[in-house]
Amino acid sequence: MAAEQELLSTEIVNRGIESSGPDAGSMTFSVRVRRRLPDFLQSVKLKYVRLGYHYLINHGIYLATIPVLVLVFGAEVGSLTREEMWSKIWNITALYDLATILAFFGVFVFTLSVYFMSRPRSIYLLDFACYKPQDDLKVSKHQFIELARNSGKFDEASIEFQKKILHSSGIGDETYVPKAIMSSENCATMKEGRAEASTVIFGALDELFEKTGIRPKDVGILVVNCSIFNPTPSLSAMVINHYKMRGNILSFNLGGMGCSAGIIALDLARDMLQANPNNYAVVVSTEMVGYNWYPGKDRSMLIPNCFFRMGCSAVLLSNRRRDFTRAKYRLEHIVRTHKGADDRSFRSVYQEEDDQRNKGLRISRDIVEIGAEAIKTNITTLGPLVLPVSEQLLFFATLVRKYLFKGGSGTKSESSKPYIPDYKLAFEHFCMHAASKTVLDELQRNLELSEKNMEPSRMTLYRFGNTSSSSIWYELAYLEANERVRRGDRIWQLAYGSGFKCNSAVWKSMRRIRKPSRNPWL
């Protein structure tokens with residue numbers, strides 16, 4: 001019971017002057033109780049730390065063998081003078097020593113060869129583009145409520161609920177919605193879905209091809225992710241048809257994978273590039289707002305209406321070594337976490353119909369707690385890959401001590417808590433999925449991030465709303481527009497969504513990024 005109470009926060013809300021009733025003319029207040037994200041860094045499971053170290057030492061056998069060989073070979077050669085070494089090499093009676101040296105040298109060369117042949121190719125990000133809709137699609141929060149009221153699809157209680165959600169959402173007055181939701185007609189149709197898809201996807205891709213100078217026929221791998229709208233032919237087929245791409249292109253269309261699907265699509269593109277050398281890959285991430293518009297009265301299904309807005313990103317990747325000089329970033333790590341085996345996590349974001357058979361996306365009341373568990377697992381696995389050695393030693397030592405002595409004493413002391421790593425030592429920039437103000441607030445509190453660290457996420461939510469899987473790219477575009485990315489900087493993209501999934505991507509800047517000529521923030 002005490003642990004449950006720790007997850008609750010209270011807030012006193014001034015409701016203004018009562019207009020009627022026995023308390024007319026007096027000020028009224030209400031107490032609002034909310035669930036907070038649990039302090040997930042204080043409850044880490046050792047198996048996820050082990051998983052992170054498993055990722056870290058995939059090539060450990062080679063890294064361990066080479067230094068040993070170098071030490072043995074150096075000790076053997078270093079003990080000899082120059083005359084003795086030449087004597088042993090050319091003296092016919094010293095064949096055993098020559099054979100030993102040659103054997104060590106052969107093993108050394110073989111180990112190096114196996115390591116570099118098995119080492120994954122570097123994946124470079126050449127450039128990316130984020131779609132910025134036309135100004136006639138821009139709506140303020142007030143206009144949004146009036147559009148909902150004038151559409152005739154909602155009763156007054158539903159209107160007031162959406163107004164309340166918008167007020168505390170962190171969304172500003174310049175987000176974008178499709179024209180279809182502004183009418184009284186049904187907007188969740190295949191025709192409207194295709195119209196919105198072609199607008200945002202082609203808009204982002206046109207800008208990407210223009211910025212990079214790459215022809216569509218040069219692209220060998222195409223991955224498109226859109227969670228809700230999945231027509232036949234697929235969205236990836238629509239892109240191939242529009243740009244007349246080549247016939248042997250490897251194309252994939254990911255659906256139903258939520259707001260974290262952008263990193264899943266990135267992971268798939270990486271695997272395809274590892275298997276297909278000297279290639280370009282394009283990853284398109286988007287969501288169709290109109291097709292997912294909910295016209296009913298169920299409050300848990302009205303929440304997505306308030307947060308989701310138009311957006312799309314297109315990313316160009318390459319595994320060509322000659323692209324090293326023109327690349328903006330190099331992909332360092334991808335860590336994926338899936339909690340779908342748990343029933344609560346699986347149903348936390350669930351598409352279904354309400355009692356009146358209106359289709360929509362139902363958001364569970366436990367979404368914050370479920371999301372926190374997924375985030376905790378993901379960042380625990382990521383830690384050994386990115387944290388400095390000093391942070392890892394402190395974190396690992398306190399974690400092992402906790403598990404060794406967890407049964408020793410009945411009371412839990414402060415010293416028994418695991419050391420909380422400082423992720424600001426691992427990354428210079430943070431791109432956290434702009435889901436909502438509440439989630440960003442709790443992420444900032446748990447990871448002890450500064451306002452500047454959270455600025456890209458908060459500004460993206462305020463300016464563009466929740467653009468689903470493309471939001472992390474609008475955040476990176478914000479950093480570029482403000483010329484904050486310098487050579488060697490590390491960027492952490494963290495996305496989470498239905499399933500329940502949480503995924504991380506880590507990039508390293510190859511050069512200082514100057515203000516681009518085209519950017520949604522300019």
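As the structure is a prediction and not an experimental result, all values here were calculated from the model.

Peer 1: I would appreciate a short explanation of the sheet that holds strand S13 (residues 429-432) in the present structure.
Peer 2: Each strand in a sheet pairs with its neighbour through backbone hydrogen bonds, running either in the same direction (parallel) or in the opposite one (antiparallel). Overall, mixed pairing links the nine strands, which are arranged S7-S6-S8-S9-S3-S10-S15-S14-S13 in an open sheet. At either end of the open sheet lies a strand with only one pairing partner, and these are strand S7 (250-254) and S13. Strand-to-strand twist across the sheet, computed as the mean angle between neighbouring axes with direction ignored, equals 20°. Note that strand S14 (residues 490-497) and strand S15 (residues 501-509) share eight bridges and pair antiparallel. Counterpart to Tyr 496 in the pairing with S15 is Cys 502.

Peer 1: I tried to follow the nonpolar core on my own but got confused; where do I start?
Peer 2: Where a protein is soluble and globular, its nonpolar side chains tend to be buried together. Residues Ile 201, Leu 205, Leu 317 and Trp 507 are the most contacted members of the largest nonpolar core, which totals 79 residues. Contact partners of Leu 317, with chain neighbours within four places excluded, come to Ile 123, Tyr 124, Leu 125, Leu 266, Ala 269, Leu 273, Asn 279, Tyr 280, Ala 281, Val 283 and Trp 507. If you look at the next biggest cluster of nonpolar residues, it comprises 49 residues, including Trp 293, Ile 375, Ala 426 and Leu 461.

Peer 1: What's the story with a positive patch on the surface in this structure? I'm lost.
Peer 2: Residues Lys 452, Arg 486, Arg 512 and Arg 514 make up a contiguous surface patch of positive charge. By secondary structure assignment, the location of Arg 486 is in the loop between helix H17 (471-481) and S14. Classification of Arg 486 as partly exposed rests on a relative accessible area of 42%.

About the criteria used
- Residues numbered from 1 in each chain as written.
- Predicted model: local features only at pLDDT ≥ 70, side-chain atom pairs only at ≥ 80, totals over all residues.
- Heavy atoms only, no water.
- Pairing = 2+ DSSP bridges.
- Helix = DSSP H or I, 4+ residues; strand = E, 2+ residues; numbered from the N terminus.
- Axes fitted to C-alpha atoms, helices over the stretch in contact; angles between N-to-C directions.
- Core = buried A, V, L, I, M, F, W, Y, C linked by side-chain atoms within 4.5 Å.
- Buried < 20%, exposed > 50% of the residue type's maximum accessible area, 1.4 Å probe, protein only.
- Contact = heavy atoms within 4.5 Å.
- Patch = residues over 30% accessible without salt bridge, like charges linked within 9 Å, V, L, I, M, F, W, Y side chains within 5 Å.
- Areas by Shrake-Rupley, 256 points an atom, 1.4 Å probe, with all protein chains shown as cover.
- Salt bridge = Lys/Arg side-chain N within 4 Å of Asp/Glu carboxyl O.
- Lys, Arg positive; Asp, Glu negative; His and termini not counted.
- Charge placed at Lys NZ, Arg CZ, Asp CG, Glu CD.

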